[in-house]
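Descriptive analysis of the structure
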Amino acid sequence: MTPLLQVRDVAKFYGPRVGCRDVSFDLYPGEVMGIVGESGSGKSTLLGCLAGHLAPDAGEVIFDTAVDGPRDTLMMSEPERRMLGRTDWAFVHQHARDGLRMGVSAGGNVGERLMAVGARHYGEIRSSAIDWLGRVEIAEDRVDDRPTAFSGGMQQRLQIARNLVTGPRLVFMDEPTGGLDVSVQARLLDLLRGLVREMGLSAIIVTHDLAVVRLLADRLMVMKDGHVVETGLTDQVLDDPQHGYTQLLVSSVLQV
Amino acid sequence: MNEYNFAYLDEQTKRMIRRAILKGLAIPGYQVPFASREMPMPYGWGTGGVQVSAATLVPEDRMKVIDQGADDTTNAVSIRKFFERTAGVETTEETGRATLIQTRHRIPQAALTEDQILVYQVPIPEPLRFLEPRETETRKMHALEEYGLMHVKLYEDISQHGAIATAYAYPVKVEGRYVMDPSPIPKFDNPKMEMAAIQLFGAGREQRIYALPPWCEVVSLDFEDHPFEPSKAEHDCDLCGAGESYLDEVIVDDAGGRMFVCSDTDYCRGRRAAGHVGAQGVPFEEGAA
C-alpha cells in the first residue's frame, strides 16, 4: 500500500534556533497519527510545514495526490498547494476564530469551500451545508446565524463541518479540543472519532492532551526540543514509555 | 492661456498615469497601482477619475462629466469647470457629441461609440475588500484566481434576503479571469459594460487604475438557480415617458408624493426635445428648466 503522506527529514529553523528537525514518518490511508510534546517542542511548527503554511528549510513532504499520485508538496507551485489545501486537505485550527469567517453565516462558512472548488448552485450548496451542520450536531435553524452567536464548542464543530464538506482525505488538527471544557471536549472527541471512522480519514493531530491521543490516535510521536524522541503505537507508548521525557510526560498527567 | 500645465498635471505625472492605463488595458480587470497625486479636491470626490481624465485629455477633446447620470449636480459641475479652466477643452452635456466622458456611478443611457472614452470614478477598487480585509491576501487571491469568496457574499445575500440583494457595485468577471468591481454603478448598467468605447477606472485614494478595452467580455457573477438580473424601478419616466431608462425616485412633497425621472438628464432632455411627454411632464421648451 502506498502511504498517503511520506515525510522525510523535515527541518525548519528560525534563524539560529531549531523549530523542528530530522522528522521522518509515513502515514497510511485511514490512519490517525498523534503528535505530543510540551509547549515549544516544535509540534505546531511541524504541522505548519506539513500543511504548507510554513516553508521548511529541508526535507520532503510527499503526498499521494488523487490525480497525479505521490508528489512532493514542497516542490509544487503555490496555486497547486493551495488547491490541495481546499480539496484533499483540511486544517482545523486550535481557535475556531482562526478557521472561520466570523462575519459570515454558518451556512456561508460551510459553503465557502464548495464555492471555492466551483459549486455554483445555491440550492445544492445550502442543502449540503445543512446536511453537514446536522452531522456535527448543529440545528438546521442556526444555518443563517453567524459564528459569533455560537458557543465555543459549536464554533469548533462548525469549523470541522466547514473543513470536511469537500471530502478531504487528510486532516491536520492543531489542538482541536484546546480551550473547551471537559464535557464539550468529550462530545467533540466522540464526534471526531465517528467522522474519522465513517469517512476513512487520515489525520495528524497535534496536542499536549494525552487523553485526546489515547482516544483518537493509532500511532503516537513524542517531540522534545524540535526532534522526535519516541514513536510507536499509542497504547504502547503511553503504557510503556521508553524515553525519559515520555516517562515524565505520562507520569505528569493528573489523576482524578 | 492660463498658468496651469495642460489639464493641471505635469507631463511626467501624465506619462506615469498613461503607462498604468496601458497596462490596465493590456490586462483587462487587473488593478494597476499608480502614484496617485494630491488633487485640488478631497478624496472621494473623484480624484482618481480626474487624474485618469487629465492624462487622457487632448486639446481637441470635447468633455462631458456626469454624476449619477446628471450633468448638473455639484460634483459634475465642479469637475467640468476644473477642466474648462485648466485644460481649456470644450465641454458639452450631450452624450453623442462628447469624446471623453467622466462618470460617477452611472453609464450613459445612450450607447457609446468606439470614438469615445468613459472614465469612472472608483471609491473602492477591491471587490473582495469587505470579505477579506488584508490587501496582501486579496492580491494573492487575484493572482491565484481564488474567487470562491466572492460567491460567499452572494450566498449571504440570498440566505438573508431570498435573492441577490446587491444592487450596485455588482461584481463582474472580466474575460474569464479577473473579478472586478465595476464602481458603484447600478447593476442595471452591468450588461452595458460590453461596449464599443474604452472604459477606464481610476481610484485616487486607493491608488489603483484598471481598464476594459472595447467589447471585452464582462460577466456578472451569479448562481445557476439565482441568475443575474439587471433591475430598475417598475415605472416609466414621468417627464419623458421612457420605459427602458434607469430611473431616480424623487420625493416631491410631504404627503408621500413622488415621481420617477430618468437619472440620465441628457437622455431625458433629448427625448423631451423630440416630443415625448411623460405622465407628469410638460411639453419641452428650449431654455426652460
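Residues numbered from 1 in each chain as written. Chains lettered and ligands numbered in written order. Predicted model: local features only at pLDDT ≥ 70, side-chain atom pairs only at ≥ 80, totals over all residues. Heavy atoms only, no water.

- For chain B, the name recorded in an unreviewed UniProt entry is Alpha-D-ribose 1-methylphosphonate 5-phosphate C-P lyase, with Roseovarius atlanticus as its organism.
- Under the Function (unreviewed entry) heading, UniProt states for chain B: "Catalyzes the breakage of the C-P bond in alpha-D-ribose 1-methylphosphonate 5-phosphate (PRPn) forming alpha-D-ribose."
- Its UniProt record gives chain B the following Catalytic activity (unreviewed entry) comment, quoted word for word: "alpha-D-ribose 1-methylphosphonate 5-phosphate + AH2 + S-adenosyl-L-methionine = alpha-D-ribose 1,2-cyclic phosphate 5-phosphate + methane + 5'-deoxyadenosine + L-methionine + A + H(+)". (UniProt positions renumbered as here; feature names shortened; annotations may be inferred.)

- The name that an unreviewed UniProt entry assigns to chain A is Phosphonate C-P lyase system protein PhnK, with the source organism given as Roseovarius atlanticus.

1. Side note on the overall build of chain B
- Scanning chain B for helices and strands turns up six helices and twelve strands.
- By the compact-globule yardstick of 19 Å for 289 residues, chain B fits well, its C-alpha radius of gyration being 20 Å.
- Its C-alpha atoms put chain B at 60 × 55 × 35 Å along the principal axes.
- Sorting the 289 residues of chain B into buried and exposed places 54% on the buried side.
- When the accessible area of chain B is evaluated, it comes to approximately 13,100 Å², of which 51% is carbon and sulfur surface.
- Distance between charge centres in chain B, computed from 30 positive and 45 negative side chains, equals 7 Å. (Helix = DSSP H or I, 4+ residues; strand = E, 2+ residues; numbered from the N terminus. Rg over C-alpha atoms; globule rule 2.2 N^0.38 Å. Buried < 20%, exposed > 50% of the residue type's maximum accessible area, 1.4 Å probe, protein only. Areas by Shrake-Rupley, 256 points an atom, 1.4 Å probe, with all protein chains shown as cover. Lys, Arg positive; Asp, Glu negative; His and termini not counted. Charge placed at Lys NZ, Arg CZ, Asp CG, Glu CD.)

2. Considering the interface of chain B and chain A
- In this complex, chain B contributes 21 residues to the contact, which on the side of chain A involves 22 residues.
- Buried area between chain B and chain A, summed over both chains or domains, comes out near 1,800 Å², and the portion from carbon and sulfur atoms is 57%.
- One can count four salt bridges joining chain B with chain A.
- Arg86(A) is the salt-bridge partner of Glu146(B), the closest N and O atoms lying 2.8 Å from each other.
- The tally of links from chain B across to chain A stands at eleven residue pairs in polar contact (both at pLDDT 80 or more).
- For the side of chain B that touches chain A, the elements supplying multiple residues, two or more each, are helix H4 (135-143) and helix H5 (148-161) of chain B.
- Looking at the side of chain B that touches chain A residue by residue, the class counts come to eight nonpolar, five polar and eight charged. (Contact = heavy atoms within 4.5 Å. Buried area = accessible area lost by both parts, 1.4 Å probe. Salt bridge = Lys/Arg side-chain N within 4 Å of Asp/Glu carboxyl O. Polar contact = N/O pair within 3.5 Å; in protein donor to acceptor, adjacent residues only side chain to side chain. Nonpolar A, V, L, I, M, F, W, Y, C, P; charged D, E, K, R; others polar.)

3. Digging into the sheet that holds strand E3 (residues 90-91) of chain B
- Strand order in the open sheet made by the seven strands is E1-E9-E8-E5-E4-E2-E3 (chain B), with mixed pairing throughout. Of all strands in the sheet, those bounded by a partner on one side alone are strand E1 (32-33) and E3 of chain B. (Pairing = 2+ DSSP bridges.)

4. What about helix H1 (residues 11-26) of chain B?
Residues and elements named next belong to chain B.
- The terminal C-alpha atoms of H1, which comprises 16 residues, lie 22 Å apart, in line with the 22 Å expected from a rise of 1.5 Å per residue.
- Its buried side turned inward, H1 meets E1, helix H2 (47-56), strand E8 (198-203) and strand E9 (208-212).
- Where H1 begins, the capping side chain belongs to Asp-10, and its oxygen is found 3.2 Å from the backbone nitrogen of Gln-12. (Expected span 1.5 Å × (residues − 1).)

5. Observations regarding helix H5 (residues 122-135) of chain A
- Here H5(A) is 14 residues long and its end C-alpha atoms lie 20 Å apart, about the 20 Å a rise of 1.5 Å per residue gives.
- Looking at H5(A), one finds that the buried residues are Tyr122(A), Ile125(A), Arg126(A), Ala129(A), Trp132(A) and Leu133(A). Buried residues in H5(A), looked at end-on, bunch into an arc of 130°, giving them a common side.
- Contacts from the buried residues of H5(A) go to helix H4 (106-116), helix H6 (152-164) and helix H7 (182-199) of chain A together with H5 of chain B.
- One or two positions beyond H5(A), positive phi appears at Glu137(A), with a value near 65°. (Arc of directions from axis to C-beta.)

6. A few points about the domain arrangement of chain B
All names here are of chain B.
- Each domain of chain B was delimited in the assignment, giving domain 1 (11-220) and domain 2 (232-280).
- Computed over C-alpha atoms, the centres of domain 1 and domain 2 are 26 Å apart.
- Counting each side, the surface lost to burial between domain 1 and domain 2 is near 960 Å², with a carbon and sulfur contribution of 48%.
- For the domain 1 face of the interface with domain 2, the top three residues by lost area are Arg-106, Gln-109 and Phe-188, together amounting to 46%.
- For the pair domain 1 and domain 2, the interface holds one salt bridge.
- Linking Arg-269 and Glu-93 is a salt bridge whose minimum nitrogen-to-oxygen distance equals 3.0 Å.
- Our count for the contact surface shared by domain 1 and domain 2 stands at nine residue pairs in polar contact (both at pLDDT 80 or more).
- Here the side of domain 1 that touches domain 2 is built from residues that sort into five nonpolar, four polar and six charged. (Domains from an automatic or database assignment.)

7. Details of the state of the cysteines
Residues and elements named next belong to chain B.
- Under the definition given, this model contains zero disulfides over all chains.
- The thiol of Cys-268 is not disulfide-bonded; the next cysteine sulfur, from Cys-237, is found 3.7 Å away.
- We classify Cys-268 as buried; its relative accessible area is 6%. (Disulfide = S-S within 2.5 Å.)

8. Section: the sheet that holds strand E7 (residues 178-180) of chain B
Residue and element names in this part refer to chain B.
- What the three strands build is an open sheet, ordered E7-E6-E10; its pairing is antiparallel. Of all the strands in the sheet, just E7 and strand E10 (218-220) have a single pairing partner and so form its edges. Strand-to-strand twist in this sheet, taken as the mean axis angle between neighbours without regard to direction, amounts to 35°.
- Pairing geometry for strand E6 (residues 172-174) and E7, over three bridges, is antiparallel. Paired with Lys-173 across the two strands is Val-179, which belongs to E7. (Axes fitted to C-alpha atoms, helices over the stretch in contact; angles between N-to-C directions.)

9. Regarding empty space enclosed by the protein
Residue and element names in this part refer to chain A.
- Applying the stated criterion to the full structure yields one cavity of 30 Å³ or more.
- Taken as a whole, the largest cavity spans an internal volume of roughly 30 Å³.
- In terms of lining, the largest cavity is formed by Val-92, Ile-160, Leu-164, Val-171, Met-173, Leu-192 and Leu-201.
- Broken down by secondary-structure element, the contributors of at least two residues to the lining of the largest cavity are H6 and strand E7 (170-174). (1 Å grid on protein atoms, 1.4 Å probe; cavity = no way out; pocket = protein on both sides within 12 Å on 5 of 7 lines; lining within 4 Å. Points joined across faces, edges and corners; volume = space filled by probe spheres on them.)

10. Brief notes about the UniProt feature "domain: ABC transporter" (unreviewed entry) in chain A
- Residues annotated by UniProt as "domain: ABC transporter" (unreviewed entry) correspond here to residues 5-250 of chain A.
- Overall, residues 5-250 of chain A shows 40% helix and 27% strand. The separation of its end C-alpha atoms is 28 Å.

11. Points about the packing of H4(A) against H6(A)
All names here are of chain A.
- Look at H4 against H6: their axes get within 7 Å of each other, and the N-to-C directions meet at 30°. Taken together, the axes of H4 and H6 are roughly parallel relative to one another. Handedness of the H4/H6 crossing: right-handed. Across the interface between the two elements, Ala-106, Asn-109, Val-110, Glu-112 and Arg-113 from H4 touch Leu-158, Ala-161, Arg-162 and Asn-163 from H6.
- Of the residues in the contact of H4 with H6, the class split is four nonpolar, two polar and three charged. (Parallel < 35°, antiparallel > 145°, perpendicular 65-115°, else oblique. Left-handed = near helix turned anticlockwise from the far one by under 90°.)

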